[in-house]
Every structure is written in structure tokens, then in C-alpha cells.
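Observations on the three-dimensional arrangement
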Amino acid sequence: MEYKLIALDLDGTTAHRNQISKQNIAAIKWALANDIKVIIATGRSIGAIRKVTKKLGIIEKQIPVIGFNGGIIYDFAKEKIIQQNAFTNEELITVFNIANEYRIQLWAYSVANDHLAYVNTNHGFMVKWMSIHTKRKRILVKNSNTLHDQAYKFVVSGKKEAVLKFKAKILVKYEFNVFDSSYLTNQSLNLEISPKNSDKKDALEYLTKIYNIQPAEVIAMGDGSNDYAMLKWAGVGIAMGNATDDIKGISDDTTAHYRRSGVAKAIDKYFKK
């Protein structure tokens, strides 16, 4: 099989924050030079993807990126949104109310302003951590009815029992996608929530149709629950050595840990035979 496209998760797969190994950079640039499309598919915001795509040479190749777990497809070369999917204002307000009911921390990425996020508290570790690492200004919402915006994605954090009750309640009301969060490990439970039909797989499928590339011609790599559908859909789904057991279980192959340049090793294996 001739593979024509590589879909790559970022954190825990290709990079750690914005640090990418020399081996991964070289392998990805080799793929791009050999007319293999490389698409970044991540839970990050578009602003948090820019440095990485520039470092990898993806912008010069005019290849779009997938952000917010499939919530947005963006073309850096044209500075243009190709497709987006967001929570409605009604959904934004409802989720805020339910988060307040169970006293869990909530972070919501604004659609109207790329530099803002809405929070229901300023005192939680998660919201402070997100402020630092996303470089977004957080707006404390005391009354959810004052919200007149949409949201790309929610990040929630809190005691496990409370977060699970929150999750159960919103899933009764909405068909949202809920993923284990890769942001934090020292809280009781952390989740990322995306709108219905916002998944890396859905966004990737949209792009492959534009490029006239079949799923069988796609190799995808990832490590977490937000990669699950993408890895199952791709012709070859590759789990990282550091991936969770359920991700390894549904993948076709497993490569090395991201700290050992697993992406480069997989590219060598499937393209440089």
C-alpha cells in the first residue's frame, strides 16, 4: 500500500509542549519533501499550533491543521478558517450552570476572541495552569446569562465524583464528545469536551475527501482518548509507546515512546523500507 498522508497528534505524540526531537523534525520534513501530506490533528487552539507547524515546515507546504479536537480546520498559509464547529451560546450557558452546580472548574475557549477564555472560578489550579500555557486572558463569569459568545472546547477539572456526575448530566442532555484531558495529571479528574461531530476523525475525513485520499492511504499516530476514532478510521493507526492500553488495543501498530522519537521511527518503518 502506498500511503499518502500522515495525521499526527501533538502532545504526547510528536511534541512535548513545543519541544520536538531532531529525529521527528527530520522525518516529517523528509515526508513533506517526498509529497506526503502531514496533517497536525490536536486538541490545541490554533494559536498554540502555529510555532510547531512553522518549525516543521507545514505552513510552507500550505497544508491545513486540525485544532480543538476537530473543532476547527485552519489554513495558516491563507490565515483562513476552512471549517469550524462550536458549542452554541445556549450550550455554553448550560454547561456553565452544570459546572457550577457540581462545583468543578470550567475553562471555555471563546470563539469570538482568540485571546480570551471564560472561567467559572479564578482560584482553581487548572484555570491558572491553562492561563499560563494558553496565554489567553481569562474572564470570570459570575452570571452565565451574561455570556454572549460560543465556545470551541471546554476543559473541566475537579474531584472525581463531582466531575463524573457533571459528565453524566451533560451527556443525558447533549451528544457531546468527552475525552480524558492531557493537560494535567495531578488533579482528581480532568476532561476535555467538544461539540457533537467535533472529532479529529471527522475533520481528517473532511480533508482527505478534498485531497481525494482514501482512508486506507492514511497513517495516523496518537496516544490518548481524543485520538481513538482517528486511529480506528485510518488505514494504519499507530499508538505511541506511552499511549493508554485502550488506544494500543484498537491500533494496528505501536511505535516507540514520544520521548524516543516514536513518530520518526514509524515514518522510517512505513516509508523508508
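Please refer to the structure placed before this passage.
Everything numeric here is computed off the predicted structure, so don't read it as measured data.

Relative to the 20 Å expected for 14 residues at 1.5 Å per residue, helix H5 (residues 160–173) spans 20 Å between its end C-alpha atoms, a close match to the ideal helical length. On its buried face, H5 sits against helix H3 (89–101), strand S9 (151–158) and strand S11 (189–194).

With that settled, consider the sheet that holds strand S14 (residues 253–254). Taken in spatial order, the five strands line up as S2-S1-S12-S13-S14 in an open sheet, and their pairing is parallel. Because the sheet does not close on itself, it has two edges, and the strands there are strand S2 (37–40) and S14. As judged from the two bridges shared by strand S13 (residues 236–239) and S14, these two strands associate in the parallel manner. Note on S14: the bridge partner recorded for Ile-238 is Asp-253. On the sheet, helix H9 (residues 262–271) packs against strand S1 (5–8), strand S12 (218–222), S13 and S14 and is oriented at approximately 160° with respect to S12.

Let's shift gears to the pattern of salt bridges. Pairs can form between side chains of opposite charge whenever their charged atoms are close. According to the stated counting rule, one finds 13 salt bridges in the structure shown. A salt bridge links Arg-44 to Asp-11, with the shortest nitrogen-to-oxygen separation between them at 2.9 Å. With Arg-44 in the loop between S2 and helix H2 (50–56) and Asp-11 in the loop between S1 and helix H1 (22–33), the pair connects residues that are 33 residues apart, well separated along the chain. Residue classification places Asp-11 among the partly exposed positions, given a relative accessible area of 24%. Residue Lys-153 pairs with Glu-192 through a salt bridge whose shortest N-O separation is 3.5 Å. Within this pair, whereas Lys-153 is found in strand S9, its partner Glu-192 is found in strand S11, the two being separated by 39 residues in sequence. Because the salt bridges share partners, they merge into one network encompassing Asp-9, Lys-200 and Asp-227.

What counts and what doesn't
- Residues numbered from 1 in each chain as written.
- Predicted model: local features only at pLDDT ≥ 70, side-chain atom pairs only at ≥ 80, totals over all residues.
- Heavy atoms only, no water.
- Helix = DSSP H or I, 4+ residues; strand = E, 2+ residues; numbered from the N terminus.
- Expected span 1.5 Å × (residues − 1).
- Contact = heavy atoms within 4.5 Å.
- Pairing = 2+ DSSP bridges.
- Axes fitted to C-alpha atoms, helices over the stretch in contact; angles between N-to-C directions.
- Salt bridge = Lys/Arg side-chain N within 4 Å of Asp/Glu carboxyl O.
- Buried < 20%, exposed > 50% of the residue type's maximum accessible area, 1.4 Å probe, protein only.

Such coordinate-based values are descriptive only and should not be taken to indicate function.
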